[in-house]
Amino acid sequence: MNYHAPALLTESLDALQIRPTEGGVYVDATFGGGGHAAAILERLGDKGRLYAFDQDEDARANAMNKPFAGHAGFHFVQSNFRFLKRQLRALGVRPGSVDGMLADLGVSSHQLDTPERGFSYRFDAALDMRMNTAEGQSAADVLNKYTAEALQRVFGELGEVRNARTLAQACVQFREKSRFRNTADLTGVCESVMIGERWRYLSQVFQALRMEVNDETGALADFLQDSLEMLARGGRLVVIAYHSIEDRMVKNFLKAGNTEGTINQDFYGNIERPFEIITKKPIEPSKAETEENPRARSAKLRIGI
């Protein structure tokens, strides 16, 4: 199963500062192909524990293989990472006991390159885009049911599509004659109104729908809030984001303890800062890494303790 090469692998592992002799507890919140998780296990030693989260059925199948299946400290949790606290507590992990958490946000190359998942405009396939294919609404559902105003919000806020209103109206006009079913239906509508480079425009539209279908910003907000409760004193939160909205949410949370960035003060007027921020500016991939792995070019890594 061909997943993407993990972005900023060395940087994210160094950020976790894994202590192999102390039996630490760590979380890989976005297991995917297990690239980050395998590297964590190499540093973890025999005493530590790694809890890996992913809702994707393909990721679960991958977790059954080496080096994961034979490691006593590895635990795969088939769940959206927004339920982090609930799932960890069910496994006996106490709040305030996790030494480090890593989240590599977005979609994997495996998901993009699997035609039937409908994540990419490169293939004509059903408009699905669900990371958990067993539940929830598909991208076709969104396109066929949302009002023009709601579609404009999706394209404009999540995809940063410049003519979001025009595209939303074109989608509504299309479905008056025929329902959206396949990626070709969507690319055809996009091509009738697109501005700028084709690949960039389609990437923004497909990204927006994927984020809406999977409620990715809502899931991230829930995960970040849970991380604050589950991390031990001195525990490290390491997040790699690829989208400006998600990166801003992470930045705000590290600074203020909420994704809006609202600063809170105690009774005496002291600013309450939940984390010590290690990355005043995010760590980005080197030129060498982006040449080898172009999909890492927008990655931004932030660290909080």
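To keep things clear, this report deals only with the structure shown in the data block. Per chain, residues are indexed from 1 in the order of the written sequence. pLDDT decides what is reported in this predicted model: residues at 70 or higher carry local features, side-chain atom pairs at 80 or more are listed and counted, and totals for whole chains, interfaces and linings draw on all residues regardless. As a rule here, side-chain values cover all heavy atoms of the structure and leave hydrogens and water aside.

### Comments concerning the overall build of the protein
Just so we agree on the cut-off: To qualify as a helix, a DSSP run of H or I must reach at least 4 residues; to qualify as a strand, a run of E must reach at least 2; elements of each kind are numbered from the N terminus. Just to be clear, the radius of gyration here is over C-alpha atoms, and the globule rule we use is 2.2 Å times residues to the power 0.38. With a 1.4 Å probe rolled over the protein chains alone, any residue whose accessible area is under 20% of its type maximum counts as buried; one over 50% counts as exposed, and the rest are partly exposed. In what follows, residue pairs with any heavy atoms lying within 4.5 Å of each other are defined as contacts. Residue-level accessible areas treat just the shown protein chains as cover; the underlying method is Shrake-Rupley with a 1.4 Å probe.
From N to C terminus, the protein includes 13 helices and six strands. Since a compact globule built from 305 residues should have a radius of gyration of about 19 Å, the 20 Å found for the protein is in line with a globular shape. Dimensions of the protein, computed from C-alpha atoms along their principal axes, come out at roughly 65 × 55 × 40 Å. Of all 305 residues assigned to the protein, the portion counted as buried reaches 51%. Sequence-distant contacts, at least 24 apart, represent 67% of the contacts inside the protein between residues at least 6 apart. About 14,600 Å² of surface is accessible on the protein, with carbon and sulfur atoms providing 45% of the total.

### As for the pattern of salt bridges
Rules: Between Lys or Arg on one side and Asp or Glu on the other, a salt bridge is scored when a side-chain nitrogen of the former is within 4 Å of a carboxyl oxygen of the latter.
According to the stated counting rule, one finds 15 salt bridges in the structure shown. Between glutamate 229 and lysine 85 there is a salt bridge whose closest N-O contact spans 3.1 Å. Pair noted here: glutamate 229 is in helix 11 (residues 216–230) and lysine 85 is in helix 4 (residues 84–90), with a separation of 144 residues, a long-range link. Its relative accessible area of 25% is what places lysine 85 among the partly exposed residues.

### Things to note about the packing of aromatic side chains
Selection rule: Each pair of aromatic rings taken from Phe, Tyr and Trp, with Trp reduced to its six-membered ring, is defined by centres within 6.5 Å and is described as stacked if the planes are under 30 degrees apart, edge-to-face if over 60, and tilted in the remaining cases.
Within the structure shown, the criterion is met by nine aromatic pairs. For the ring pair tyrosine 121 and phenylalanine 206, a centre distance of 5.9 Å and an interplane angle of 70° mean the geometry is edge-to-face. Residue tyrosine 121 is located in the loop between helix 5 (109–113) and helix 6 (139–145), and its partner phenylalanine 206 is located in helix 10 (residues 198–213); the two are separated by 85 residues in the primary sequence. Under the relative-accessibility criterion, tyrosine 121 is labelled partly exposed at 22%. Given the relative accessible area of 2%, phenylalanine 206 is considered buried. Through a chain of ring-to-ring contacts, the aromatic side chains of Phe31, Phe68, Phe74 and Phe76 assemble into a single cluster.

### Here's the deal with the environment of asparagine 214
Stated formally: Any N or O atom pair separated by 3.5 Å or less is treated as a polar contact, with the protein-specific requirement of one donor-capable and one acceptor-capable atom, and with residues adjacent in sequence counted only for side-chain atom pairs.
Looking at where asparagine 214 falls in the secondary structure, it is placed in the loop between helix 10 and helix 11. Note: C-alpha distance between asparagine 214 and asparagine 80 (134 residues apart in sequence) is 9.8 Å. If we ignore the near neighbours within four places in the chain, the residues touching asparagine 214 are Phe119, Met129, Arg130, Met131 and Asn132. Here the side chain of asparagine 214 touches methionine 129 through a polar contact of 2.9 Å, landing on its backbone oxygen.

### Considering the sheet that holds strand 2 (residues 49–53)
The condition that has to hold: Two strands qualify as a pair provided that DSSP identifies no fewer than 2 bridges between them. Note on geometry: axes are lines fitted to C-alpha atoms, helical ones only across the stretch in contact, with angles between N-to-C directions running from 0 to 180 degrees.
A sheet is described by the order of its strands in space; here six strands give the open sequence 3-2-1-4-5-6, paired in mixed fashion. Taken across any chain shown, the strands that pair with only one partner, and hence form the sheet edges, are strand 3 (74–77) and strand 6 (300–304). Between one strand and the next, the sheet's axes are offset by a mean angle of 15°, whatever the strand orientation. Relative to strand 3, strand 2 runs parallel, the two being bridged by four bridges.

### Some thoughts on the side chain of arginine 82
Structurally, arginine 82 can be placed in the loop between strand 3 and helix 4. Here the side chain of arginine 82 touches aspartate 215 through a polar contact of 3.0 Å, side chain to side chain. Separated by 2.8 Å, the side chains of arginine 82 and aspartate 222 make a polar contact.

### Concerning the pairing of strand 5 (residues 231–241)
Extensive coverage of strand 5 is indicated by the burial of nine of its 11 residues. Two elements, strand 4 (residues 98–104) and strand 5, share six bridges in a ladder whose sense is parallel. Bridging from a neighbouring strand, leucine 102 pairs with valine 238 of strand 5. For strand 5 and strand 6, the ladder comprises five bridges, and the chain directions are antiparallel. Of the residues in strand 6, the one forming a bridge with leucine 237 is glycine 304.

### Digging into the state of the cysteines
Put plainly, two cysteines are in a disulfide when a covalent bond ties their sulfur atoms together. What counts is decided by this rule: The criterion for a disulfide is a pair of cysteine sulfur atoms lying within 2.5 Å.
Taken as a whole, this structure holds zero disulfides when the rule is applied. Free of any disulfide, cysteine 171 has its nearest cysteine sulfur in cysteine 190, 6.4 Å distant. Classification of cysteine 171 by relative accessible area gives buried; the value is 0%. What makes cysteine 190 buried here is its relative accessible area of 0%.

### Focus on the environment of arginine 210
Among the structural elements, arginine 210 can be located in helix 10. Its relative accessible area of 9% is what places arginine 210 among the buried residues. C-alpha separation for the pair arginine 210 and alanine 139, spaced 71 residues apart in sequence, amounts to 7.1 Å. The contacts of arginine 210, once residues within four sequence positions are left out, are Gly106, Val107, Phe119, Met129, Met131 and Glu216.

As far as function goes, none of this settles anything; it's purely spatial.
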